[in-house]
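Residue-level structural notes
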Amino acid sequence: MQILKPALPVLAGMCCLALGPGVMGIYGFFVEPLSKEFNVGVAQLNVGPVALLLVPAILGNWIGKMADRLSIRNILMVGVTLGMLSLVGITQASTLWLVALGFLSFSLGLTLYGPVVINGLMVKLYQGREARALAIVAIGISLASAILPPLVGTLLENYGWRFALQSVAAGALLVLWLAILIGIPKGVALAPHIEKVAVVKSFYRSKAFWLIGLCVALALNVAIVLAVCYPPLFANKGYTMVDAGWFLALAGISGLVGKSCLAWLGDGVSHHAKWLAAAMLALQSAGLGILFFAGDTMQMIPAMLLLGFSGGAFIPMHPYLNSRYFDSGIISQVNGAQMPMFLPFGLVGAPIAGYAFDQTGSYDMVLIALAATLCLAALLVLGLPKQEN
């Protein structure tokens, strides 16, 4: 797999996704410490990831328009600064309400430097090579999944949750500032030529717009629920937080392989994009089935490998599928306009998973529900019409 030319923007985008969405892979590690410190249940803390859907749902379309018309570099710099300083602020919080406010602020920052902006930039910069560009930047999430969980698990065991979060935020801020300043070109985004309201608004009347949005909404919420549930799920099976970190690292490495395969195959099979997406969803559902029955480490490993591979390969599918049906000049707006569809499922998914754990002491029923959700998402994507480009 060759690096795209120019290479710097795609590498900078990789860093943004690694230390943006990739950071959510460690959310579950902080659930138990926060639960003990503020004396609240898991269900309440599982509401946190809802902010990651609420903010894009409300502001995604507006941010998408900004990314299609304004300097992406400036948008990214504001986002990473707000996001990482918010995480540092959380470590100074004395009440759960202040933690919630800090996480909401982090979610706003993440929306400004996350997939809506980064993926839109990749589609504009690398037209005709979208699959490779999107897969390479998404590899950042896999790298974060391989590196951050063991690191955070070790920091938590030895120094506590406040120091662990401070360390991650400070390091991420430095890396992101350097990546954006070096790798993202100055100036306005590349496609301000799409100005007619009729062209911009026409995507709302497209069947593909709704099917892609609903499919990705279901799959994304499965990923969010899993990110929250993994550490307590492993603990429930008798593993330590350090063990959990290594399991997630294994999934992250497998996800890197999945994204690499998409980068290699995606542009060559672009006319069969919906079948590729459905296959990844089906494999992920199978991985959840293996995880449900896993009783020892030798069974956990193939489950995490399959979940990592298929889940990793699906991460770039949102902008990739949109690039098959919509003009690159409005791609950020399309991505952002679909964000409200993510919200209804996000409002109920993680809190219900936490409630199920509080009531039953396990995530067994949650795993079954998530597998069924992925099957439904696969059926939706298979309903996509014939591609227009």
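As a reminder, the structure under discussion sits directly above these lines.
Every value quoted in this text rests on a predicted model; they were computed, and no experiment measured them.

**Some points on the overall build of the protein chain**
A tally of regular secondary structure across the protein chain gives 18 helices and zero strands. When the 389 residues of the protein chain are sorted by exposure, 57% land in the buried category. Element-wise, carbon and sulfur atoms account for 70% of the exposed surface of the protein chain, whose accessible area totals about 15,500 Å².

**A few points about the packing of helix α1 (residues 7–18) against helix α8 (residues 130–159)**
Here α1 crosses α8 at 40°, and the two axes come no closer than 7 Å. Comparing their axes, α8 and α1 come out oblique. Classified by chirality, the crossing of α8 by α1 is right-handed. Across the interface between the two elements, Val10, Gly13, Met14, Leu17 and Ala18 of α1 pack against Ala133, Ile136, Val137, Ala138, Ile139, Gly140, Ile141, Leu143 and Ala144 of α8. Per-class residue counts for the contact of α1 with α8 are twelve nonpolar, two polar and no charged.

**With respect to the packing of aromatic side chains**
Throughout the structure, instances matching the rule amount to seven aromatic pairs. Taken together, a centroid distance of 5.1 Å and an interplanar angle of 40° make the contact between Phe234 and Phe247 tilted. Note that Phe234 is positioned in helix α11 (residues 207–236) and Phe247 in helix α12 (residues 241–265), a separation of 13 residues in sequence. As far as the burial class goes, Phe234 and Phe247 line up, both buried. Ring geometry for Phe292 versus Phe293: centroids 4.9 Å apart, planes at 90°, classification edge-to-face. Taking the relative accessible area as the measure of exposure, Phe292 reaches 26% and is therefore partly exposed. Among the aromatic residues, ring-to-ring pairing joins Tyr230, Phe234, Tyr239 and Phe247 into one connected group.

**So, a nonpolar patch on the surface**
A grouping of Leu8, Leu11, Leu174, Trp177, Leu178, Leu181 and Ile182 is seen on the molecular surface, where their side chains present a nonpolar patch of about 660 Å² in accessible area. Mapped by element, the contributors of at least two residues to the nonpolar patch are α1 and α9 (161–183). Along the chain, Ile182 turns up in helix α9. You can call Ile182 exposed: its relative accessible area is 57%.

**As for the nonpolar core**
Phe30 and Phe234 are the most contacted members of the largest nonpolar core, which has 134 residues in total. For this core, the leading source of residues is α11, giving 18 residues. With residues up to four places along the chain from it excluded, the contact list for Phe234 reads Tyr239, Ala244, Phe247, Leu248, Met300 and Met304.

**Description of the pattern of salt bridges**
Going through the model one piece at a time under the given rule, you end up with one salt bridge. The salt bridge involving Glu37 is made with Arg162; its shortest N-O contact spans 2.4 Å. With Glu37 in helix α2 (residues 31–38) and Arg162 in helix α9, the pair connects residues that are 125 residues apart, well separated along the chain. Judged by relative accessible area, which is 39%, Glu37 ranks as partly exposed.

**Topic: helix α6 (residues 96–113)**
When the terminal C-alpha atoms of α6 are compared, their 26 Å separation across 18 residues agrees well with the 26 Å that a helix rising 1.5 Å per residue should span. All of the buried residues in α6 are Val99, Gly102, Phe103, Phe106, Ser107, Gly109, Leu110, Thr111, Leu112 and Tyr113.

**Observations concerning the packing of helix α5 (residues 72–90) against α9**
Relative orientation of the contacting elements α5 and α9 amounts to 170°, with a least axis distance of 8 Å. The pairing of α5 with α9 is recorded here as roughly antiparallel in orientation. For the pair formed by α5 and α9, the contact residues are Arg73, Leu76, Met77, Val80, Thr81, Met84, Leu85, Leu87, Val88 and Ile90 on the first element and Trp161, Arg162, Leu165, Ala169, Ala172, Leu173, Leu176, Trp177, Ile180 and Leu181 on the second. For the contact of α5 with α9, a count of residues per class yields 17 nonpolar, one polar and two charged.

Rules of the game
- Residues numbered from 1 in each chain as written.
- Predicted model: local features only at pLDDT ≥ 70, side-chain atom pairs only at ≥ 80, totals over all residues.
- Heavy atoms only, no water.
- Helix = DSSP H or I, 4+ residues; strand = E, 2+ residues; numbered from the N terminus.
- Buried < 20%, exposed > 50% of the residue type's maximum accessible area, 1.4 Å probe, protein only.
- Areas by Shrake-Rupley, 256 points an atom, 1.4 Å probe, with all protein chains shown as cover.
- Axes fitted to C-alpha atoms, helices over the stretch in contact; angles between N-to-C directions.
- Parallel < 35°, antiparallel > 145°, perpendicular 65-115°, else oblique.
- Left-handed = near helix turned anticlockwise from the far one by under 90°.
- Contact = heavy atoms within 4.5 Å.
- Nonpolar A, V, L, I, M, F, W, Y, C, P; charged D, E, K, R; others polar.
- Phe/Tyr/Trp six-rings, centres within 6.5 Å; stacked < 30°, edge-to-face > 60°.
- Patch = residues over 30% accessible without salt bridge, like charges linked within 9 Å, V, L, I, M, F, W, Y side chains within 5 Å.
- Salt bridge = Lys/Arg side-chain N within 4 Å of Asp/Glu carboxyl O.
- Core = buried A, V, L, I, M, F, W, Y, C linked by side-chain atoms within 4.5 Å.
- Expected span 1.5 Å × (residues − 1).

Don't take any of this as a statement about function, it's just geometry.
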